[in-house]
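# Topology and contacts: notes
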Amino acid sequence: MPFKITAVVGAGTMGSGIAHVLSLNGYKVQLCDIDKAILEKALDIISKNMDRQIKKNIIDENGKNEALKRIEIIDTLDKISPDTDIVVEAVVEKYEVKTNIYNQLTKILKQEAIIASNTSSISITALAPKERAANFIGMHFMNPVPVMKLVEVVRGYETSDETTGKVIDLAKKLGKIPVEVNDYPGFISNRVLIPMINEAIFAFYEGVAAAESIDSIMKLGMNHPMGPLELADFIGLDVCLSIMEVLYEGYNDSKYRPCPLLKKMVSAGKLGRKSGEGFYKYK
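Reading the values: the criteria
- Position numbers for residues start from 1 in each chain and track the written sequence from start to end.
- Per-residue local features of the predicted model are confined to residues with pLDDT of at least 70, and side-chain atom pairs are confined, for both listing and counting, to 80 or more; whole-chain, interface and lining totals are unaffected and use all residues.
- Only heavy atoms go into the side-chain values, all of them from the structure, while hydrogens and water stay out.
- UniProt positions are given in the numbering used here, feature names are shortened, and annotations may be inferred rather than shown by experiment.
- Strands here are runs of E lasting at least two residues and helices are runs of H or I lasting at least four, both read from the DSSP assignment and numbered beginning at the N terminus.
- Buried, partly exposed and exposed residues are distinguished by accessible area as a fraction of the type maximum, computed with a 1.4 Å probe on protein chains only: under 20%, between the cut-offs, and over 50%, respectively.
- Here, residues are in contact when the closest pair of their heavy atoms is within 4.5 Å.
- Charge counting follows a simple rule: Lys and Arg are positive, Asp and Glu are negative, and His as well as the terminal groups are ignored.
- Where a charge sits is defined by one atom per residue type, namely NZ (Lys), CZ (Arg), CG (Asp) or CD (Glu).
- Pairing of aromatic rings covers Phe, Tyr and Trp, the last through its six-membered ring, and needs centres within 6.5 Å; plane angles under 30 degrees mean stacked, over 60 mean edge-to-face, and all others mean tilted.
- We define a polar contact as two N or O atoms separated by no more than 3.5 Å, with the added condition that, inside protein, one atom must be a possible hydrogen donor and the other a possible acceptor, whereas residues neighbouring each other in sequence contribute only through side-chain atom pairs.
- In a helix, the anticipated span is given by 1.5 Å times the number of residues less one.
- When DSSP finds two or more bridges between two strands, those strands count as paired.
- Convention adopted: a line fitted to C-alpha atoms gives each axis, helices being fitted over their contacting stretch, and angles between N-to-C directions are expressed from 0 to 180 degrees.

The protein chain appears in an unreviewed UniProt entry as 3-hydroxyacyl-CoA dehydrogenase nad-binding protein from Melioribacter roseus. Under the Sequence similarities (unreviewed entry) heading, UniProt states for the protein chain: "Belongs to the 3-hydroxyacyl-CoA dehydrogenase family."

What follows is the structure, encoded as structure tokens:
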């Protein structure tokens with residue numbers, strides 16, 4: 001086991017899911033977030049998700065209890081152990097927020113430690129702290145993390161072969177399927193997925209069909225488990241817009257122009273499931 005001590009920065013949906021799979025596979029995890037309420041909620045979500053795994057006979061009660069013991073919650077970065085082998089950052093998709101965290105981590109961690117970002121679209125090369133560029137990599141998990149198998153492993157311009165190999169090995173130990181890609185805006189997953197969602201929003205915006213009709217066509221005709229508008233609500237319309245803006249800025253190509261309706265809905269706070277309303281209404 002190349003890593004013994006791990007940390008996850010950001011205890012939201014993705015961060016709690018990453019901590020879940022790390023702890024369940026025998027790794028000690030420090031889960032860090034500045035919001036103590038979010039940390040408590042994360043532990044509750046992890047516990048409930050493990051209960052679902054118990055019902056499906058994936059784990060047993062003892063396995064759950066031992067995994068939860070391996071998770072330590074902390075509310076400041078300076079509490080992260082300097083002996084940590086890998087830190088996975090899973091905070092909001094904002095360049096300034098992420099790079100501020102990396103700058104602090106470089107002062108805390110041992111030189112050989114790996115910093116991995118769960119960013120879904122921002123350039124790994126641009127994010128990498130200069131003094132740690134060889135040990136910096138993208139580790140893009142899919143949501144929900146305990147269920148989805150893919151981990152998109154994104155090499156920055158200076159990411160070393162050794163770092164890439166260690167992260168691929170870790171993903172496999174977590175029961176995931178790592179797929180290596182190079183560092184371009186949106187990588188592969190979101191370079192293909194989010195423009196498709198954006199085009200579906202354009203179709204709705206232009207009155208081509210109702211939201212239910214657009215989703216039904218993609219589910220029944222293309223065998224997608226969720227329609228693009230339903231999926232946009234699940235991801236969060238603010239996240240979809242952020243990724244489209246990264247693509248638009250990164251490629252300077254009009255085909256990545258965010259739909260005006262998407263921008264208007266985000267401005268109105270209609271973000272999908274997490275706000276209670278997007279293209280559909282939720283309780």
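Right, picking up where we left off after that structure.
## So, the overall build of the protein chain
The helix and strand inventory of the protein chain stands at eleven helices and eight strands. With the C-alpha coordinates aligned to their principal axes, the bounding extent of the protein chain is approximately 55 × 45 × 30 Å. Among the 283 residues that make up the protein chain, the fraction classed as buried is 49%. For the protein chain, contacts bridging at least 24 residues in sequence account for 65% of all contacts bridging at least 6. Considering the protein chain, the positive charge centre built from 35 side chains and the negative charge centre built from 36 side chains are found 4 Å apart.

## A word on the packing of aromatic side chains
A complete count under the given rule lists four aromatic pairs for this structure. Relative to Phe-279, the ring of Phe-204 lies with its centre 5.7 Å away and its plane at 85 degrees, an arrangement referred to as edge-to-face. Of this pair, Phe-204 sits in helix α7 (residues 189-205) while Phe-279 sits in the segment after α11 (260-267), placing them 75 residues apart in sequence. Looking at Phe-204, the relative accessible area reads 30%, which means it is partly exposed.

## Quick look at the side chain of His-140
Mapped onto the elements, His-140 comes out in strand β6 (residues 136-141). Given a relative accessible area of 6%, His-140 falls into the buried group.

## Some remarks on the side chain of Asp-183
Along the chain, Asp-183 falls in the loop between β8 (177-182) and α7. Polar side-chain contacts of Asp-183 include one of 3.0 Å to the side chain of Ser-123. In terms of polar contacts, Asp-183 uses its side chain to reach the backbone amide nitrogen of Ile-124, at 3.0 Å. Sequence-distant contacts of Asp-183, that is, excluding residues within four places in its chain, are made with Ser-123, Ile-124, Thr-125, Val-154, Arg-155 and Gly-156.

## Examining the UniProt feature "site: Important for catalytic activity" (unreviewed entry) in the protein chain
Following the UniProt record, one finds the feature "site: Important for catalytic activity" (unreviewed entry) at His-140. Setting aside chain neighbours within four positions, we find His-140 in contact with Ser-117, Asn-118, Thr-119, Ser-120, Leu-150, Val-151, Glu-152, Phe-187, Ser-189 and Asn-190.

## Considerations on helix α10 (residues 237-251)
If you check α10, its first and last C-alpha atoms are 21 Å apart, about what 15 residues at 1.5 Å a residue would give, namely 21 Å. The inward-facing, buried residues of α10 abut α7, α9 (228-235) and α11. Among the residues trailing α10, Asn-252 stands out with phi positive, at a value near 50 degrees.

## A word on the environment of Ile-74
In this fold, Ile-74 is placed in strand β3 (residues 71-74). With relative accessibility at 4%, the residue Ile-74 sits in the buried group. As a C-alpha pair, Ile-74 and Ala-134 span 60 residues in sequence and 27 Å in three-dimensional space. Residues within four places of Ile-74 in sequence aside, it is in contact with Gln-30, Leu-31, Cys-32, Asp-33, Leu-39, Lys-79 and Ile-80.

## Structural notes on helix α4 (residues 95-108)
Taking 1.5 Å as the rise per residue, α4 with 14 residues should run 20 Å; its terminal C-alpha atoms sit 20 Å apart, in good agreement. The inward-facing, buried residues of α4 abut β1 (5-9), β4 (86-89), β5 (114-117), α5 (124-127) and β6.

## Concerning the UniProt feature "domain: 3-hydroxyacyl-CoA dehydrogenase NAD binding" (unreviewed entry) in the protein chain
Listed under "domain: 3-hydroxyacyl-CoA dehydrogenase NAD binding" (unreviewed entry) in the UniProt record, and renumbered for this structure, are residues 7-183. Counting secondary structure, residues 7-183 comes out at 41% helix and 21% strand; the distance between its end C-alpha atoms is 24 Å.

## Side note on the sheet that holds strand β7 (residues 150-155)
What holds strands together in a sheet is hydrogen bonding between their backbones, with the strands either parallel or antiparallel. In spatial order, the strands read β3-β2-β1-β4-β5-β6-β7-β8; together these eight strands make up an open sheet with mixed pairing. Strands with a single pairing partner mark the edges of an open sheet, and in this sheet they are β3 and β8. Neighbouring strand axes in the sheet, compared pairwise and without regard to direction, differ in orientation by 25 degrees on average. In this sheet, β7 lies alongside β6 in antiparallel orientation, the contact comprising five bridges. Residue pairing for β7: His-140 is matched across the bridge by Glu-152.

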